Amino acid sequence: MAALARQTVRPQLHRLGAVVFKPQHHKAVLGVDGHANQPLFGVLLGQHTLGGIVQRRADDGAYLPSCQKIQQRAVCHAGQVDAVLLAVHTFGGKQGVQHRVAGLVLGLIAVDVAFHLGQCGVLLDLVALGTVADVMPIVGENRILVAEGLRRMEHTHNIGLQRLLAESGMADRHLTASTISFVLAPRINAAGRMGKADLAAELFLTQDFDRAMHLAAELCEQNKLRQTTENEILEQALAQLKDEYNPVEDKMIVLAGKGWHQGVIGIVCSRLCDRYGCPVVLISIDGDGVGKGSGRSIGSFNLFDALTSCADLLDRYGGHALAAGLTIDEGNIPELKRRLKDYAETHVTRQQLIPQLHIDCMVEKEWLTIENIEGLSMLEPYGMKNAEPVFCMKDLVVEDITPLSSDRHVRLALSKDGVRFNAIWFGTGAGGLGFVPDSTVDAAFHLEINEYHHRRSVQLVICDVQLSECEHRADQLILNLYNILMQDGPLTALEARRLLPERKDLVAVWRHIVCRAEDGRLSVPDGALSRRVSWESRREINIGKLLVALDVFSESGLISYHFKEGMINVCLKPYEGKADISGSVVLRTLQSMAG
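Residues numbered from 1 in each chain as written. Predicted model: local features only at pLDDT ≥ 70, side-chain atom pairs only at ≥ 80, totals over all residues. Heavy atoms only, no water.

## Here's the deal with the overall build of the chain
Secondary structure summary: the chain contains 20 helices and 20 strands in total. For the chain, the residues scored as buried account for 46% of the 595 residues in total. Residue pairs at least 24 apart in sequence account for 64% of intrachain contacts in the chain once pairs closer than 6 positions are excluded. For the chain, the accessible area works out to roughly 30500 Å², and carbon and sulfur atoms hold 51% of it. (Helix = DSSP H or I, 4+ residues; strand = E, 2+ residues; numbered from the N terminus. Buried < 20%, exposed > 50% of the residue type's maximum accessible area, 1.4 Å probe, protein only. Contact = heavy atoms within 4.5 Å. Areas by Shrake-Rupley, 256 points an atom, 1.4 Å probe, with all protein chains shown as cover.)

Now the structure itself:
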């Protein structure tokens, strides 16, 4: 068996870029019923040993440490089960492994050798599915398991998985880890979230084609139901936010609702986190007055510590820094809201709440070719701890903005020195952009090849877009003039005209504020508001004209406004009748300067 393994496994492992060590110590390494096993091969994948199982020696060999030195492995249960099955098959089904040697360890060492021999490898499609869906690190042996599992998944013999792929529109398609994360896993998880986990289990166990087809269709229906339920809860939460959340002052959202589906509120938490950039706790209250909540955090705010500060109000709670769950009596919820918001106010700044995006590489337009993007496939499969690379290109001109799916997503046309690129930004609508057509921006993105009508093209999948330095410099020049005006300094006629809004400019600013404000409040990034008004009105309204317009409305008693942490915050004031802006001091001053 050992000789066969040496002849068969080595070439295949070397093909995957692995380095094989020969054991130098011909002694018993694992005891089975008091008998010594044959020496095992250790495998070094890249620069990582097998989680501490293989210890390096001074020579080129490796040996297995005692059981006490074996570390906890970051392998999901699917991978563990497959590893143990592989190990049992590899070692002839021997039984009675001593308690000091975990079967998991035996399997994990065997897995890197055994599945390449085709022993129990038929399960690798499910191993890949479970590993990615369970958000396990895609490094080390997990990376090989997922890569091989995805390859086998495209030709899976599992009837249930075949039908789920077909029902999801992924049959005969190239499969990636993203296919699992965004297509298969949501459908499988939906069954559990909606209280029908047995459907998913039966799907992967059945040998009946018709039954598998029915179960796959049912999973997709459960996922649609989950989406509908999720959107209903989101709409109810957004309605509550109008009364319970002040984006200028609050650094945390805590909401409660009667009958919210407990299996779905966690997803809604994540969506609100992304939307508002702050920690969120949602609590579902049942008919007995018991609240069960789910929370998500962002940045450096430790949600578990926040809940610990309120432990006296909670029946149970648990989790970690970025996600947590809790149980609470309905009567304690108001106090929990108050104390969590107070805790957030003193333990985190808005700057700390801003998510950080790591850029892997700055690129030039010449590098973005189909050939180069195809070469990135060597880095796959992507996932936890092996993230898809993020690229950045500066000074792109926004040529066009197209809302998609009722403005839930947006398609962008960007250009650099005459070279045009198509881009798509998921989860962000045109109404939430801080730039407009003709803006110059810096974009961070993933790269992919878009195939449409048998035509292949480079597509940027946007992670974030910010105004370029040249835009900030232009704003600063206008702001310098505005500051001179506010300090009663002298301006030339030309400088004054650059700040003086025309009547149509004032109307455009006012309409934008009134139409966009929610409950009389509007909060917009300070560099975005003038650009949005300009784009909507098709008028040239720079940041100086915008601020003068806001001053005119403020003098007339129509609004109040202030800046805080990079945001312009506008509050509409109650007003009856028609406002008279002719008495505005700032407007008359500019008019006299402009001549």
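There's plenty left to go through after this.
## Some thoughts on the sheet that holds strand β18 (residues 521-525)
Read from one edge to the other, the open sheet built from three strands follows the order β18-β20-β19, with strand pairing classed as antiparallel. Among the strands making up the open sheet, the edge pair consists of β18 and β19 (559-564). The mean angle between the axes of side-by-side strands here comes to 15 degrees, regardless of whether they run parallel or antiparallel. With six bridges connecting them, β19 and strand β20 (residues 567-572) associate as antiparallel partners. Directly across from Lys564, in β20, lies its bridge partner Met567. On top of the sheet, helix α18 (residues 529-537) reaches β18 and β20; it is set at about 100 degrees to β18, its chief contact. (Pairing = 2+ DSSP bridges. Axes fitted to C-alpha atoms, helices over the stretch in contact; angles between N-to-C directions.)

## A short note on helix α12 (residues 333-347)
Its 15 residues place the ends of α12 21 Å apart at the C-alpha level, agreeing with the 21 Å of an ideal helix rising 1.5 Å per residue. What α12 keeps buried is the set Ile333, Leu336, Lys337, Leu340, Tyr343 and Ala344. One face of α12 carries all of its buried residues, which in axial projection span an arc of 135 degrees. In α12, the exposed positions that point more than 90 degrees away from the buried face belong to Pro334 and Thr346. For α12, the secondary structure elements touched by its buried residues are α9 (209-244), β7 (253-258), β8 (280-285), α11 (303-308), β10 (314-319) and β11 (323-329). (Expected span 1.5 Å × (residues − 1). Arc of directions from axis to C-beta.)

## Side note on helix α10 (residues 265-276)
The end-to-end C-alpha distance of α10 is 16 Å, a good match for the 16 Å that twelve residues give at a rise of 1.5 Å each. All of the buried residues in α10 are Ile265, Gly266, Ile267, Val268, Cys269, Leu272 and Cys273. Gly277, located one to two residues past α10, shows a positive phi value of around 65 degrees.

## A closer look at the sheet that holds β8
By way of backbone hydrogen bonds, the strands of a sheet pair with one another, either parallel or antiparallel. The strand order β7-β8-β9-β11-β10 describes an open sheet built from five strands, whose pairing is mixed. Unpaired on one side and paired on the other, β7 and β10 mark the two borders of the sheet. For this sheet the average axis-to-axis angle between neighbouring strands, irrespective of direction, equals 15 degrees. Packed on one face of the sheet, α10 meets β7, β8 and β9 (290-296) and runs near 45 degrees to β9.

## Details of the packing of helix α19 (residues 543-555) against helix α20 (residues 585-594)
Relative orientation of the contacting elements α19 and α20 amounts to 135 degrees, with a least axis distance of 8 Å. Taken together, α19 and α20 sit at an angle that is classed as oblique. Contacts from Val548, Asp551, Val552 and Glu555 in α19 reach Val585, Val586, Leu587 and Leu590 in α20. Class assignment for the residues of the contact of α19 with α20 results in six nonpolar, no polar and two charged. (Parallel < 35°, antiparallel > 145°, perpendicular 65-115°, else oblique. Nonpolar A, V, L, I, M, F, W, Y, C, P; charged D, E, K, R; others polar.)

## Thoughts on the environment of Val436
Among the secondary structure elements, Val436 is positioned in the loop between β15 (419-425) and β16 (440-452). Taking the C-alpha atoms as reference points, Val436 and Glu536, separated by 100 residues in sequence, lie 9.2 Å from one another. Dropping the residues within four chain positions of it, Val436 is found in contact with Val398, Ile401, Arg531, Arg532 and Trp535.

## A word on the pairing of strand β14 (residues 409-416)
Counting buried residues in β14 gives six out of eight residues, a clear majority hidden from the surface. As defined by bridge partners, strand β13 (residues 391-404) adjoins β14 across seven bridges and the pair is classed as antiparallel. Within the sheet, the bridge partner assigned to Leu404 lies in β14 and is His409. Connecting the antiparallel pair β13 and β14 is a turn made up of four residues, with Ser405 showing a positive phi of about 50 degrees. Looking at chain direction, β14 and β15 are connected through seven bridges and run antiparallel. Bridge pairing links Val410 to Trp425 in β15. Count of turn residues in the β14/β15 antiparallel hairpin: two residues, of which Asp417 carries a positive phi of about 50 degrees.

## A few points about the packing of helix α8 (residues 197-205) against α9
Running from N to C, α8 and α9 cross one another at 145 degrees; their axes reach a closest spacing of 9 Å. The element α8 and its partner α9 pack so that their crossing is left-handed. Residues Leu199, Ala200, Glu202 and Leu203 of α8 touch α9, and the partners they reach there are Arg211, Ala212, Leu215, Ala216, Glu218, Leu219 and Gln222. Along the lines of polarity and charge, the residues of the contact of α8 with α9 split into seven nonpolar, one polar and three charged. (Left-handed = near helix turned anticlockwise from the far one by under 90°.)

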